[in-house]
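Breakdown of the fold
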Amino acid sequence: MTRHALGRYALRLVALLTALGLWQLLTSLDVDIWLRFSQFPTVTDVAHAFAGRLTGSDYWTDLTDSLTRILSGFLLAAVLGVAVGVLVARSRLAENLLGPVLEVVRPIPAIALVPVAILLFPSNEQGIVFITFTAAFFPVLVSTRHAVRALTPVWEEAVRTMGGGRWRILGAVVLPGALPGIFGGLSVGIGVSWICVISAEMISGQYGVGYRTWQDYTVVDYPGVFVGMVTIGVLGWVTSTAVELLGWRLTRWLPRTSYVPGGRSRSAVLPATAPVPGPVVVKAEDDSQYQPDAQQQGSGETEQEARDEHLV
């Protein structure tokens, strides 16, 4: 691990510890300045409650149930969202048939479909998976549709010129080219799925992190409530990071840019000392020192435009 990476992780750790220290200070001193921190449990109270939960079996049962629900709904949404998104973006008939229905259903919050899930499915478990699926489906669908429509037609025409058919274009051009947009939708979808699955568990669940958090609230166990909140945050961060890492692995062929302070970016494909291909014109700081005559400027205008287009 490089020194730069160590410094970055150290800075993140310091930020987290600072937030926890501020939480502990405000709650231990019972600070009430508009916000009533005296009602909050301290960090030590939450830590003790967390340690007690880890030694019991109910915590791990809740964890397993929530993960099963989120993965089932999210994986189904990922497959169908990508398939329907590509179909709507590539087929005018599919867009005319499915587009109006999808656009009417899309603005409805997934959590508002809980009554529909209760009426439609024979068990609460299937209804919660349906809510999770609905929450992730539309972000994946919309991102896939926009990513496919944004592809340049030159790539498809090149494959057709070489004799490639519809499935060849789909596998070699459409899906690889749309992968960055697809994983953007997947990253958003997994976060929204956690929000909705926890809410669904609170309303109609049996076991699960959301169900246990709501039960702790009803019995006024506020440290237990914060244990549930921390668990939800950690699970959401882990699953979102896993999706982003998978997307990074599958799109390694894309050019990467690394952040450089001062608003400049540097391509990660070429080293910092690599020469830039093509001719480069360097201007002096004083523009008056660089004044080509009119004849050279007129004769080289077309060539310079070609070079600029090549560099871009």
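The structure reproduced in this document is the subject of the present report. (Residues numbered from 1 in each chain as written. Predicted model: local features only at pLDDT ≥ 70, side-chain atom pairs only at ≥ 80, totals over all residues. Heavy atoms only, no water.)

**Observations concerning the overall build of the chain**
When you go through the chain residue by residue, the secondary structure sums to 12 helices and four strands. Counting all 312 residues of the chain, 29% fall into the buried class. For the chain, restricting intrachain contacts to residue pairs at least 6 apart in sequence, the fraction spanning at least 24 positions comes to 66%. Carbon together with sulfur atoms contributes 64% to the accessible area of the chain, which is approximately 20,400 Å² in total. (Helix = DSSP H or I, 4+ residues; strand = E, 2+ residues; numbered from the N terminus. Buried < 20%, exposed > 50% of the residue type's maximum accessible area, 1.4 Å probe, protein only. Contact = heavy atoms within 4.5 Å. Areas by Shrake-Rupley, 256 points an atom, 1.4 Å probe, with all protein chains shown as cover.)

**Some points on the pattern of salt bridges**
Taken as a whole, this structure holds 11 salt bridges when the rule is applied. Ionic pairing is found between Arg-92 and Glu-95, a salt bridge with its closest N-O pair at 3.9 Å. Residue Arg-92 and its partner Glu-95 are located together in helix α4 (residues 92–105), separated by three residues, close to a single helical turn. Here Arg-92 falls in the exposed class, since its relative accessible area comes to 63%. When the shortest N-O distance is used, the salt bridge between Glu-103 and Arg-145 registers 3.2 Å. In this pair, Glu-103 is assigned in helix α4 and Arg-145 in helix α6 (residues 124–149), connecting sequence segments 42 residues apart. On the basis of relative accessibility, which here comes to 33%, the residue Glu-103 falls in the partly exposed class. Within the structure, one salt-bridge network assembled from shared partners comprises Arg-53, Asp-216 and Asp-221. (Salt bridge = Lys/Arg side-chain N within 4 Å of Asp/Glu carboxyl O.)

**Examining the packing of helix α2 (residues 43–54) against helix α10 (residues 222–250)**
Where α2 contacts α10, the axes come no closer than 9 Å and their chain directions differ by 75°. With respect to α10, the axis of α2 lies roughly perpendicular. Residue-level contacts link Asp-45, Val-46, Ala-49, Phe-50 and Arg-53 of α2 to Pro-223, Gly-224, Phe-226, Val-227, Val-230 and Thr-231 of α10. A breakdown of the residues in the contact of α2 with α10 according to their chemical character gives seven nonpolar, two polar and two charged. (Axes fitted to C-alpha atoms, helices over the stretch in contact; angles between N-to-C directions. Parallel < 35°, antiparallel > 145°, perpendicular 65-115°, else oblique. Nonpolar A, V, L, I, M, F, W, Y, C, P; charged D, E, K, R; others polar.)

**Structural notes on unusual backbone geometry**
With the exception of glycine, the majority of residues adopt a negative phi angle, and the majority of peptide bonds are in the trans configuration. The phi dihedral of Asp-30 falls on the positive side, at around 55°, and the residue is not glycine. With a phi close to 65°, Trp-34 is a non-glycine residue in the positive phi region. With respect to the helices and strands, the residue Trp-34 is situated in the loop between β1 (32–33) and β2 (35–36). Under the relative-accessibility criterion, Trp-34 is labelled exposed at 81%.

**A closer look at the packing of aromatic side chains**
If you walk through the whole model with that rule in mind, you get 10 aromatic pairs. Seen in terms of ring centroids, Tyr-207 and Tyr-211 are 6.5 Å apart; in terms of plane orientation they differ by 50°. Their pairing is tilted. Each residue in the set Trp-23, Phe-37, Phe-40 and Phe-226 is aromatic and connected to the rest through ring pairs, giving one cluster. In this structure, Arg-8 packs its charged tip against the face of Tyr-9, placed 5.3 Å from the ring centre. (Phe/Tyr/Trp six-rings, centres within 6.5 Å; stacked < 30°, edge-to-face > 60°. Lys NZ or Arg CZ within 6 Å of the ring centre and 35° of its normal.)

**Some words on the side chain of Thr-27**
Tracing the chain through its elements places Thr-27 in helix α1 (residues 3–28). Residue class for Thr-27 comes out buried when judged on its relative accessible area of 3%. A distance of 2.7 Å separates a polar side-chain atom of Thr-27 from the backbone oxygen of Trp-23. Sequence-distant contacts of Thr-27, that is, excluding residues within four places in its chain, are made with Phe-37, Phe-40, Pro-41 and Thr-42. (Polar contact = N/O pair within 3.5 Å; in protein donor to acceptor, adjacent residues only side chain to side chain.)

Shape descriptors only; they carry no functional weight alone.
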